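For reference, the chains in residue letters:
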Amino acid sequence: MIYLEYLLLIFLIVCAILAPLCRRLLNAVLVFAAFSTVTAILWLLMQAPDLAITEAAVGAGIDTVLFLLTLKTAHFLDGTRDKK
Amino acid sequence: MSAKELWTRFAAWVNGEAAPAARFEKEYQPKHSPLFRRKPREVSTGQPKTYEVWFYRVSAVLASVALIGILLATVTRLPLHGTPGTPDQNEVAERYVEQGLEETGAVNLVSGMILDYRAFDTFGESCVLFLTAMSVFVLLWNDKHSLPPKLEAERKEDDIILAEEEMHLLRHAAHFLTPFILLFGIYVVVNGHLSPGGGFSGGIIIGSGLIFYATACGQKTVSRFFDRKAFYILNFICLAIYAGAKSYSFFLGANHMENPIPKGIPGAILSGGLILPLNICVGLVVACTMYAFYALFNKGDF
């Protein structure tokens, strides 16, 4: 089980490096959602299920939705009104 | 400028009719005064120069490396995990673990901590959430009846797309999944004192269900049962119940361990004294706030 934790921690570092390097903001948001999901799994492995539920609901759920809405409002998403 | 003129200006500014400051009426022109030897610097408006770009890049990298170095140096100096003698190894945690079940009646000790021992902190957090929703409301609210023409055209286009486009997959999934998401959220809220979870996480799950439904079927469908009035009433009732339930510790000299409500058998759904109603209050406030965020970011109204 400890190797799974190491694997997930390496994935976290990769996500953290990747998120600011993404050219498209949509990809950065998705990488951030993946980061939150893996963090939730890590909380579960560290036996903090309360934190895991909150992290999964807030970090991977609501935050992603709000970021996507902000990108849509600021016309940064391809396929919306200003970028067809 | 007379006092009356000032007052009319201020009233016009409050009503949103005029710009506040009179100093912008006269265009500002920097003069080349003999007092200063150098000419006033011209502000460049075009592309940044090459050395500026490189300066910003190098200084950003240097600042990041310095911050990372400071943080890593701090981490290496922290005491090892679980060492006796560190400040966090005191009698509070021991007391929570040993007597928490007896004193709060909650099997989930985290819930017992945040809603019984530290219930006032949680009350502050709920109020902060409500205040945040109000701030977002002030910043992003669009009046439905007096939209700017461009925005109004966009809204009409959105409504037509939502009405005519056949989003079969999304709509069927929403009709099928939303009741289960809401039910799971309610389960997490109501079982907050027995299993992991509680008001905050359960409320967010309920809010996500509402957001999912609003994405698939439009905000008008949701506003049939949840509009701004319902948001105000629910938030007010929940915060008032919470404040009333926890303010008696002020009147009883802050010693609220003597709870008039029976604790019940630990593990039963009706146990833990005030924790269950407080969980429901927090969950409702959080669910309302999350849906309000979505609605205000999306349309500016709900």
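So, here is what we can say about the structure in this document. (Residues numbered from 1 in each chain as written. Chains lettered and ligands numbered in written order. Predicted model: local features only at pLDDT ≥ 70, side-chain atom pairs only at ≥ 80, totals over all residues.)

Turning our attention to the overall build of chain A. What chain A contains, in helices and strands, is 3 helices and 0 strands. In chain A, the succession of α and β elements from N to C terminus is α-α-α. Against the globule reference of 12 Å for 84 residues, chain A gives a C-alpha radius of gyration of 15 Å, more extended than a compact globule. Considered along the principal axes of its C-alpha atoms, chain A spans approximately 50 × 25 × 15 Å. In chain A, which comprises 84 residues, the share counted as buried stands at 17%. (Helix = DSSP H or I, 4+ residues; strand = E, 2+ residues; numbered from the N terminus. Rg over C-alpha atoms; globule rule 2.2 N^0.38 Å. Buried ≥ 20, exposed ≤ 12 C-beta atoms within 10 Å, placed from the backbone.)

Okay, the overall build of chain B next. When its secondary structure is counted, chain B shows 12 helices and 0 strands. Helices (α) and strands (β) of chain B occur, in sequence order from the N terminus, as α-α-α-α-α-α-α-α-α-α-α-α. When contacts within chain B are restricted to residue pairs at least 6 apart in sequence, those whose partners lie at least 24 apart make up 73%. (Contact = placed C-beta atoms within 7 Å.)

Residues and elements named next belong to chain A. In this model, Gln47 sits at a positive phi of 60 degrees, which is unusual for a non-glycine residue. Inspection of the secondary structure puts Gln47 in the loop between α2 (25-45) and α3 (49-73). Judged by the 8 C-beta atoms lying within 10 Å of it, Gln47 is exposed.

Turn by turn, an α-helix covers 3.6 residues, leaving residues three or four places apart pointing in a common direction. With 21 residues, α2 of chain A ought to run about 30 Å at 1.5 Å a step, and its terminal C-alpha atoms sit 31 Å apart, in line with that. Looking only at α2 of chain A, the buried set comprises Val29, Phe32, Phe35, Val38 and Ala40 of chain A. (Expected span 1.5 Å × (residues − 1).)

What follows covers the environment of Cys127 of chain B. Residue and element names in this part refer to chain B. As for its placement among the helices and strands, Cys127 is situated in helix α5 (residues 119-140). According to the C-beta neighbour criterion, Cys127 is partly exposed, with 14 such atoms within 10 Å. Distance from Cys127 to Ala268, taken between C-alpha atoms, is 30 Å for residues 141 residues apart in sequence.

The subject of this paragraph is the nonpolar core. With 45 residues, the main nonpolar core has Cys281, Val285, Val286, Tyr291 and Tyr294 of chain B as its most contacted residues. Listed by contribution, the elements that provide at least two residues to this core are α3 of chain A together with α4 (109-117), α5, α7 (168-190), α8 (199-217), α10 (228-246) and α12 (275-298) of chain B. For this core, the element with the most residues is α12 of chain B, which contributes 18 residues. In contact with Val285 of chain B, other than residues within four places in its own chain, are Ser126, Leu129, Phe130, Gly203, Asn235, Cys238 and Leu239 of chain B. (Core = buried A, V, L, I, M, F, W, Y, C linked by C-beta atoms within 7 Å.)

We now examine the interface of chain A and chain B. Listed as interface residues are 14 residues of chain A and, on the opposing side, 17 residues of chain B. A breakdown of the residues in the side of chain A that touches chain B according to their chemical character gives 8 nonpolar, 4 polar and 2 charged. (Nonpolar A, V, L, I, M, F, W, Y, C, P; charged D, E, K, R; others polar.)

This next bit is on the packing of α7 of chain B against α8 of chain B. Residues and elements named next belong to chain B. Across the interface, α7 lies against α8 with an axial gap of 8 Å and an inter-helix angle of 165 degrees. Relative to α8, the element α7 lies roughly antiparallel. Once α7 is placed against α8, the crossing between them reads as left-handed. Every residue of α8 that contacts α7 at Leu170, Arg171, Ala174, Thr178, Ile181, Leu182, Phe184, Gly185, Ile186, Val188 and Val189 is listed here: Gly199, Ser201, Gly202, Gly203, Ile205, Ile206, Ser208, Gly209, Phe212, Tyr213, Ala216 and Cys217. In the contact of α7 with α8, the residues fall into 14 nonpolar, 8 polar and 1 charged. (Axes fitted to C-alpha atoms, helices over the stretch in contact; angles between N-to-C directions. Parallel < 35°, antiparallel > 145°, perpendicular 65-115°, else oblique. Left-handed = near helix turned anticlockwise from the far one by under 90°.)

Residues and elements named next belong to chain A. Within the element layout of this structure, Phe11 appears in helix α1 (residues 2-21). On the basis of neighbour counts, which here come to 15 C-beta atoms within 10 Å, the residue Phe11 falls in the partly exposed class. Taking C-alpha positions, Phe11 is 9.9 Å from Thr39, a pair spaced 28 residues apart along the chain.

On to the packing of α10 of chain B against α12 of chain B, then. Residue and element names in this part refer to chain B. Between α10 and α12, the least distance of the axes is 9 Å, while the angle of their chain directions is 150 degrees. The angle between the axes of α10 and α12 places the two elements in the roughly antiparallel class. Where α10 crosses over α12, the handedness of that crossing is left-handed. Facing α10, whose interface residues are Phe231, Leu234, Asn235, Cys238, Leu239, Ile241, Tyr242 and Ala245, α12 presents Pro277, Leu278, Cys281, Leu284, Val285, Cys288 and Ala292. Classifying every residue of the contact of α10 with α12 by side-chain character gives 14 nonpolar, 1 polar and no charged.

So, on to α7 of chain B. Along its 23 residues, α7 of chain B runs 33 Å from first to last C-alpha, staying within 8% of the 33 Å computed at 1.5 Å per residue. Along α7 of chain B, the largest kink reaches about 40 degrees and is centred on Leu177 of chain B; proline Pro179 of chain B follows within four residues of it. At its buried positions, α7 of chain B is contacted by α3 of chain A together with α8 and α12 of chain B. (Bend = angle between axes of the 7 residues up to and from the residue.)

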